[in-house]
Amino acid sequence: MRLSLITIFSLVFLIQLTRCQVDSDALSEKVEQLTEWSLKKPVIRLNFDKFKHFVKTAPRNYSIVVMLTALASHRECQICRPANDEFQIVAQSWRYSPQFSNKLFFAMVDFDDAPDVFKLLNTASAPQFILFGRKQGKPKPADHFDISRVGFSAEQIAKWVNDRTDITIRIFRPPNYSGLLLVILLVSMIASLLYVKRNNLEFLYNKTTWSMIVISAILIFISGQMWNQIRGPPMVYRNPRTGQVGFFAGGHGYQFIAETYIVFAIYGAIVAGMILLNEVPKYLNDVNTKKALVIGGTGMVVFFFSMILSIFRSKYQGYPYSLFF
């Protein structure tokens with residue numbers, strides 16, 4: 001009887017040892033393959049079989065960030081491409097970081113390549129970022145990146161990854177020379193204008209001209225036009241399921257071109273109200289006209305400032321202050 005028990009325990013031990021060895025070999029093969037793919041392309045493209053094998057199937061001692069997207073033009077996902085660009089920047093920054101290791105990988109699943117993955121995850125929206133951690137099981141709510149709240153800039157994605165994995169990714173963006181070329185073009189135009197007007201430079205001493213130039217420059221910068229030049233966002237967002245057009249990006253980490261134009265116009269209206277309130281009455285003699293301009297200017301400042309405050313509150317969730325809207 002004792003011999004039989006010893007034999008049974010020995011067989012169980014050998015089976016468990018063999019299973020551990022098999023799991024170890026399978027894990028080593030998965031890590032080696034993912035590392036090889038990452039060295040070639042920082043973002044690994046997965047189909048359904050690869051997703052099940054490398055993401056959903058045990059064993060797994062690594063974390064993998066998966067972007068669900070729909071890049072094909074006929075899908076009409078306006079923000080999928082800029083979201084993909086930001087995701088690529090994060091993956092590239094990790095790939096060429098001194099801290100790069102086989103503890104973290106980046107992958108993407110395109111709807112047209114693997115619709116079954118979307119069915120498996122019970123979702124039909126894109127883009128999405130989901131982190132599958134080292135522990136097996138269904139991702140927690142915090143493992144889903146909240147695009148609507150913080151946008152999808154590379155810096156925000158890296159911060160989220162750090163919060164979930166304690167892995168720090170320092171973002172390196174490729175150099176963008178469009179701003180430098182714009183400055184060179186602007187300087188050239190100004191130099192050409194000064195050369196043409198070299199015999200009549202009184203306009204350089206005109207206070208109104210310089211005021212308009214300074215105000216225009218301020219409006220351009222505070223409305224986010226330079227951000228548009230650097231990031232290249234889409235004009236608007238069109239929901240692929242409902243067809244509804246959105247002019248404002250959710251969260252403070254991203255914006256659309258139309259959004260910056262609207263903000264530019266609102267700030268311009270506030271400036272116009274201040275001019276009506278302070279400057280124009282100085283050049284008028286009629287008291288009633290002055291009163292009308294003061295009332296109109298005050299109304300414009302209050303109304304449009306309330307609008308800009310409302311937009312700010314919608315993008316920064318939890319901001320407590322408002323005026324009229």
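Note that the coordinates shown come from a computational prediction; the quantities given were computed from them, not determined experimentally.

A. The overall build of the chain, seen in detail. When helices and strands are counted, the chain shows 11 helices and 6 strands. Within the chain, the fraction of its 325 residues that count as buried is 34%. In the chain, the proportion of contacts linking residues at least 24 apart, taken out of those at least 6 apart, comes to 65%. A total accessible area of about 20200 Å² is found for the chain, and carbon and sulfur atoms account for 62% of it.

B. Structural context of the pairing of strand 2 (residues 63–69). The buried count for strand 2 comes to 7 of 7 residues, which makes it a mostly enclosed element. Residues Ser63, Val65, Met67 and Thr69 point to one face of strand 2 and Ile64, Val66 and Leu68 to the other, with burial holding for every one of them. Two elements, strand 2 and strand 3 (residues 104–110), share 7 bridges in a ladder whose sense is parallel. Within the sheet, the bridge partner assigned to Thr69 lies in strand 3 and is Asp110. Assessed by its sense of winding, the connection that carries the chain from strand 2 through helix 3 (residues 80–95) to strand 3 is right-handed. Both strand 2 and strand 4 (residues 128–132) contribute to a ladder of 5 bridges, which runs antiparallel. Note that in strand 4 the partner of Val66 across the bridge is Ile130.

C. Representation of the packing of helix 8 (residues 207–222) against helix 10 (residues 257–278) in the model. For the pair helix 8 and helix 10, the least separation of the axes is 9 Å and the interaxial angle reads 145°. Seen along the crossing, helix 8 lies across helix 10 with a hand that is right-handed. When helix 8 is examined against helix 10, the residues Ile215, Leu219, Ile220 and Ile222 are found in contact with a partner set consisting of Phe264, Tyr267, Gly268 and Val271. Of the residues in the contact of helix 8 with helix 10, the class split is 7 nonpolar, 1 polar and no charged.

D. Broad picture of the environment of Ile295. Note on placement: Ile295 falls in helix 11 (residues 287–315). Along the backbone, Ile295 and Leu277 are 18 residues apart, and their C-alpha atoms lie at a distance of 7.7 Å.

E. Local environment of the pattern of salt bridges. The tally for this structure, following the rule as stated, stands at 8 salt bridges. One salt bridge in this structure joins Arg173 and Glu86, with 2.7 Å as the shortest N-O distance. Of this pair, Arg173 sits in the loop between helix 6 (154–165) and helix 7 (178–196) while Glu86 sits in helix 3; the two residues are 87 residues apart in sequence, bridging distant segments of the chain. On the basis of relative accessibility, which here comes to 30%, the residue Arg173 falls in the partly exposed class. Judged by its relative accessible area of 6%, Glu86 falls in the buried class. Put simply, Arg164 and Asp143 hold a salt bridge, and the shortest N to O gap is 2.9 Å. You can see Arg164 sitting in helix 6 and its partner Asp143 sitting in the loop between strand 4 and helix 5 (147–150), a full 21 residues away along the chain. Judged by relative accessible area, which is 34%, Arg164 ranks as partly exposed. The buried category is assigned to Asp143, whose relative accessible area is 9%. Connected via shared salt-bridge partners are Arg45, Asp110 and Asp113.

F. Molecular detail of the packing of aromatic side chains. Counted under the stated rule, the structure contains 10 aromatic pairs. With a centroid separation of 5.5 Å and an interplanar angle of 85°, the aromatic rings of Tyr62 and Phe105 are classed as edge-to-face. One end of the pair, Tyr62, is in the loop between helix 2 (48–56) and strand 2; the other, Phe105, is in strand 3, with 43 residues separating them in the sequence. Seen from their ring centres, Phe87 and Phe129 are 5.3 Å apart, and the 35° between their planes marks the pair as tilted. Residue Phe87 is located in helix 3, and its partner Phe129 is located in strand 4; the two are separated by 42 residues in the primary sequence.

G. Spatial organisation of the confidence of the model for the chain. Averaged over every residue, the pLDDT of the chain is 82; residues scoring 70 or more account for 88%. Within the chain, helix 1 (residues 2–40) has the poorest average pLDDT of any element, 66, and strand 3 the best, 94. Counted against residues more than four places away or in other chains, residues 17–22, with its pLDDT under 50, gives 0 contacts.

Reading the values: rules and limits
Residues numbered from 1 in each chain as written. Predicted model: local features only at pLDDT ≥ 70, side-chain atom pairs only at ≥ 80, totals over all residues. Heavy atoms only, no water. Helix = DSSP H or I, 4+ residues; strand = E, 2+ residues; numbered from the N terminus. Buried < 20%, exposed > 50% of the residue type's maximum accessible area, 1.4 Å probe, protein only. Contact = heavy atoms within 4.5 Å. Areas by Shrake-Rupley, 256 points an atom, 1.4 Å probe, with all protein chains shown as cover. Pairing = 2+ DSSP bridges. Right-handed = clockwise from strand over helix to strand, strands pointing away. Axes fitted to C-alpha atoms, helices over the stretch in contact; angles between N-to-C directions. Left-handed = near helix turned anticlockwise from the far one by under 90°. Nonpolar A, V, L, I, M, F, W, Y, C, P; charged D, E, K, R; others polar. Salt bridge = Lys/Arg side-chain N within 4 Å of Asp/Glu carboxyl O. Phe/Tyr/Trp six-rings, centres within 6.5 Å; stacked < 30°, edge-to-face > 60°. pLDDT = per-residue confidence, 0-100.

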